[in-house]
Amino acid sequence: MKDLENILELARSVSWGATDRLRSYYHQTSDDNLEVQYKQNEPVTIADVNVNHYILENLQGVLGDKDFAYISEETYTGQQTPQEWVWIIDPLDGTRDFIEKTGEYAIHIALVHETRPVLAVVAVPEAEKLYYAIKGSGAFVETREAKSLSLRVSSRERLEDLTLVVSRSHRNERLNYLLQHLPCQNQKAVGSVGGKIAAIVEQRADVYISLSGKSAPKDWDIAAPELILTEAGGQFTHFDGTPLQYNTGDVNQWGGLLASNGQYHQFLCQEAEKILAQFESH
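Remember, predicted model here, so these are calculated numbers, not experimental data.

**Quick word on the sheet that holds strand E6 (residues 116-124)**
Strands sit in the order E3-E4-E5-E6-E7-E8-E9 across an open sheet of seven strands; the sheet is mixed. The open sheet is flanked by strand E3 (68-72) and strand E9 (148-150), the only strands paired with a single partner. The average angle at which neighbouring strand axes cross in this sheet is 20 degrees, direction not considered. Sheet topology places strand E5 (residues 106-113) next to E6; seven bridges connect them, and they run antiparallel. Across the sheet, residue Leu111 finds its bridge partner in E6, namely Leu119. Packing of helix H6 (residues 219-231) onto the sheet brings it into contact with E3, strand E4 (85-93), E5, E6, strand E7 (129-134) and strand E8 (139-143), and relative to E6 it is tilted by some 95 degrees.

Okay, structure coming up:
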């Protein structure tokens, strides 16, 4: 077994460095310097590329690439890696939010053993917060002053009191129909999956739903947030209750995924399937 405590210390320090780099791009006066390009209809900026390079260089510099593989949004080529330890990295989750200056972007760094995450860091640069977890050891949030607080999801008694975090951008008719027909109707718009999960572990929200359409969220969108949520007492599964798997050779997370504070998890998964079946039959 790897020394996860030491590896976590490295990942946290790299995340703070990446946070500083992203913020310096974010707070530039002119957007011309971002050099936005499009890859499969998704925006990519020079910030994504440079911060990706910084993260990979610093992790690989210490850990090498004999025992560890590295899958990142910016460098992924489609190969499944033979190593059983894999870093799954998104240097900038919420690029649209970054470009549109909502402040709701994040950095995701997860270490996956075989197909499940065992260590995770999610940085939310504009909040200057770092969320982190090791499997079986709980989830924590750390501020600049290196103060760490333990995280725990909410426990609301009534189903209708639950709040859903939803995207501003990635929306379609199926998802809108589903959200309109769920038994809980409070909604809060938050960018980046990391930001949404941060809202749930800080008890500002309780449920997040992802539905794949023509495209699906990728391993690097979900792996780090998933571990932080589950270590804070929440659940993150497919609608049928099966756990998510990473580094399987397909980086797409197809189908319906539900993240929650765990209280009505199974019920909401079943409701979501019923509501979508109604939608399909119209």
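**A word on the side chain of Ser167**
You can see Ser167 is positioned in the loop between strand E10 (163-166) and helix H4 (173-181). Side-chain polar atoms of Ser167 contact the side chain of Lys196, separated by 3.1 Å.

**Brief notes about the sheet that holds strand E13 (residues 235-238)**
Pairing is mixed across the open sheet formed by five strands, whose spatial order is E11-E10-E12-E14-E13. Here the strands that pair on one side only, and so sit at the sheet edges, are strand E11 (186-189) and E13. Recorded for the sheet is a direction-independent mean angle of 25 degrees between the axes of neighbouring strands. As paired elements, E13 and strand E14 (residues 256-260) share four bridges and run antiparallel to each other. Residue His238 lies in a different strand from E14, and its bridge partner there is Leu257. Each of E13 and E14 touches H6; the most contacted strand, E13, lies at about 130 degrees to it.

**Considerations on helix H7 (residues 265-281)**
With 17 residues, H7 ought to run about 24 Å at 1.5 Å a step, and its terminal C-alpha atoms sit 25 Å apart, in line with that. Within the span of H7, buried status applies to His265, Leu268, Cys269, Glu271, Ala272, Ile275, Leu276 and Phe279. The buried side chains of H7 occupy one side of the element, clustering within an arc of 165 degrees when seen end-on. The exposed set on the far side of H7, more than 90 degrees from its buried face, consists of Gln266, Lys274 and Ser281. On its buried side, H7 packs onto H4, strand E12 (207-211), E13 and E14.

**A closer look at the pattern of salt bridges**
Enumeration according to the criterion identifies 14 salt bridges in this entry. For Arg116, the salt bridge identified is with Glu226, shortest N-O distance 2.8 Å. Residue Arg116 is located in strand E6, and its partner Glu226 is located in helix H6; the two are separated by 110 residues in the primary sequence. The exposure class assigned to Arg116 is partly exposed, which follows from its relative accessible area of 27%. A relative accessible area of 2% means that Glu226 is categorised as buried. A salt bridge links Glu202 to Arg204, with the shortest nitrogen-to-oxygen separation between them at 2.9 Å.

Thresholds, definitions, all that
- Residues numbered from 1 in each chain as written.
- Predicted model: local features only at pLDDT ≥ 70, side-chain atom pairs only at ≥ 80, totals over all residues.
- Heavy atoms only, no water.
- Pairing = 2+ DSSP bridges.
- Helix = DSSP H or I, 4+ residues; strand = E, 2+ residues; numbered from the N terminus.
- Axes fitted to C-alpha atoms, helices over the stretch in contact; angles between N-to-C directions.
- Contact = heavy atoms within 4.5 Å.
- Polar contact = N/O pair within 3.5 Å; in protein donor to acceptor, adjacent residues only side chain to side chain.
- Expected span 1.5 Å × (residues − 1).
- Buried < 20%, exposed > 50% of the residue type's maximum accessible area, 1.4 Å probe, protein only.
- Arc of directions from axis to C-beta.
- Salt bridge = Lys/Arg side-chain N within 4 Å of Asp/Glu carboxyl O.

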